[in-house]
Amino acid sequence: YWVKTISQTYKHPETNDLMSFLYTYDINKEKTLNSILNRILDLEYEFLGLLNVSTKHLSCYRCTDTEKTLSADSNSDYKIWFQKFAQKFIPTEYQPEALSALDVEYIIDKLANSNNYICHFPVYIDGMKFYKKWQCMYLDQSKSTIIFIRTDITDDINEQERYQNILKESLTQAEQAN
């Protein structure tokens, strides 16, 4: 059970005695909700950041060791940060498409017609290929901040490829049987 206690100390004007008033607040509901949200974030999202549309600065709220290798601080110039990310992790043949798809002006243009914008690209981390999905949406109606989320979809892509291979194999067997 979570509570928050605040102490206010006063000096009594007549006696010069120190007096303290303690205020205790029930914060269990907000702590529980925060724990739930953090758990969901841990399970589903590798990266969570906010992009200030006017300054083009990206504030990172949740990231993996992948981002930490870029030595980006918590308030980075987004364009420079993403160029470093693309050069280090996105295969060369996908870099122009990724840089274009995740350009701030392009994202803003896409969000003008939709509540969210999604793109995905393969990345190489420590020599292993992963598939990542980037999702962007405005934080609120002011449209001054864009939420950036990245999710690993490697298992989903591998499962799709496995099903496609099964279908191809079944089709080949059916054609040979005829």
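Look above for the structure.
Owing to the predicted nature of the structure, the values given are computational and were not obtained by experimental measurement.

A. Examining the pairing of strand β2 (residues 18-26) more closely. Where strand β1 (residues 3-11) lies against β2, nine bridges are found, and the strand directions are antiparallel. Considered in β2, the bridge of threonine 9 is made with serine 20.

B. Looking closely at the side chain of arginine 62. With respect to the helices and strands, the residue arginine 62 is situated in strand β4 (residues 57-62). A distance of 2.5 Å separates polar atoms of two side chains, one belonging to arginine 62 and the other to aspartate 42. When sequence neighbours within four positions are dropped, the list of residues in contact with arginine 62 reads Asn38, Leu41, Asp42, Tyr45, Glu46, Phe47 and Leu48.

C. View of the packing of aromatic side chains. This model, assessed by the stated rule, comprises 12 aromatic pairs. Between tyrosine 10 and phenylalanine 21, the ring centres sit 5.6 Å apart and the planes meet at 65°, which makes this aromatic pair edge-to-face. Of this pair, tyrosine 10 sits in strand β1 while phenylalanine 21 sits in strand β2; the two residues are 11 residues apart in sequence, bridging distant segments of the chain. For the ring pair phenylalanine 85 and tryptophan 134, a centre distance of 6.0 Å and an interplane angle of 85° mean the geometry is edge-to-face. Taken together, the residues span a long stretch of sequence, with phenylalanine 85 in helix α3 (residues 78-89) and tryptophan 134 in strand β7 (residues 128-138) at a distance of 49 residues. The exposure classification of phenylalanine 85 matches that of tryptophan 134, with both residues buried. Members of the aromatic cluster, connected to one another through ring pairs, are Phe47, Tyr78, Trp81, Phe82, Phe85, Phe89, Phe121, Trp134 and Phe148. The ring of tryptophan 2 carries the charged tip of lysine 31 above its face, separated from the ring centre by 4.6 Å. Positioned above the aromatic ring of tyrosine 163 is the side chain of arginine 162, whose terminal nitrogen or guanidinium carbon lies 5.0 Å from the ring centre.

D. Representation of the pattern of salt bridges in the model. One pass over the full model with this rule turns up six salt bridges. With a shortest N-O distance of 2.5 Å, lysine 132 and glutamate 46 are connected by a salt bridge. Here lysine 132, found in strand β7, pairs with glutamate 46, found in the loop between α1 (28-44) and β3 (47-52); they are 86 residues apart in sequence, far enough to count as distant. Overall, the relative accessible area of 3% leaves lysine 132 in the buried class. A salt bridge links glutamate 159 to arginine 162; the nearest nitrogen and oxygen atoms lie 2.9 Å apart. Of this pair, glutamate 159 and arginine 162 both sit in helix α6 (residues 154-177), three residues apart, which is roughly one turn of the helix. For arginine 162, a relative accessible area of 42% puts it in the partly exposed group. One connected set of salt bridges, linked through shared partners, spans Glu46, Lys132, Arg150 and Asp152.

E. Layout of the pairing of β4. Summarising the sheet, β3 and β4 pair through five bridges and their orientation is antiparallel. Looking at β4, one finds that glycine 49 is bridged to cysteine 60. From the end of β3 to the start of β4, which pair antiparallel, there are four residues, and lysine 56 there has a positive phi angle of about 65°.

F. View of the environment of tyrosine 163. Mapped onto the elements of the fold, tyrosine 163 is located in helix α6. As for tyrosine 163 and phenylalanine 89, which are separated by 74 residues in sequence, their C-alpha atoms are 27 Å apart.

G. Highlighting the environment of aspartate 156. Structurally, aspartate 156 can be placed in helix α6. In this structure aspartate 156 comes out as exposed when scored by relative accessible area, which is 51%. Considering only alpha carbons, one finds aspartate 156 and tyrosine 10, 146 residues apart in sequence, at a separation of 61 Å.

H. How the structure looks around α3. Taking 1.5 Å of rise per residue, 12 residues should cover 16 Å, and α3 covers 16 Å from first to last C-alpha, within 8% of that figure. Residues Tyr78, Trp81, Phe82, Phe85, Ala86 and Phe89 constitute the buried set of α3. End-on, the buried residues of α3 take up no more than an arc of 130°, which puts them together on one face. Relative to its buried face, α3 has exposed residues pointing more than 90 degrees away, namely Lys79 and Gln87. With a side-chain oxygen lying 3.2 Å from the backbone nitrogen of lysine 79, the N-terminal cap of α3 falls on aspartate 77.

Reading the values: rules and limits
Residues numbered from 1 in each chain as written. Predicted model: local features only at pLDDT ≥ 70, side-chain atom pairs only at ≥ 80, totals over all residues. Heavy atoms only, no water. Pairing = 2+ DSSP bridges. Helix = DSSP H or I, 4+ residues; strand = E, 2+ residues; numbered from the N terminus. Polar contact = N/O pair within 3.5 Å; in protein donor to acceptor, adjacent residues only side chain to side chain. Contact = heavy atoms within 4.5 Å. Phe/Tyr/Trp six-rings, centres within 6.5 Å; stacked < 30°, edge-to-face > 60°. Buried < 20%, exposed > 50% of the residue type's maximum accessible area, 1.4 Å probe, protein only. Lys NZ or Arg CZ within 6 Å of the ring centre and 35° of its normal. Salt bridge = Lys/Arg side-chain N within 4 Å of Asp/Glu carboxyl O. Expected span 1.5 Å × (residues − 1). Arc of directions from axis to C-beta.

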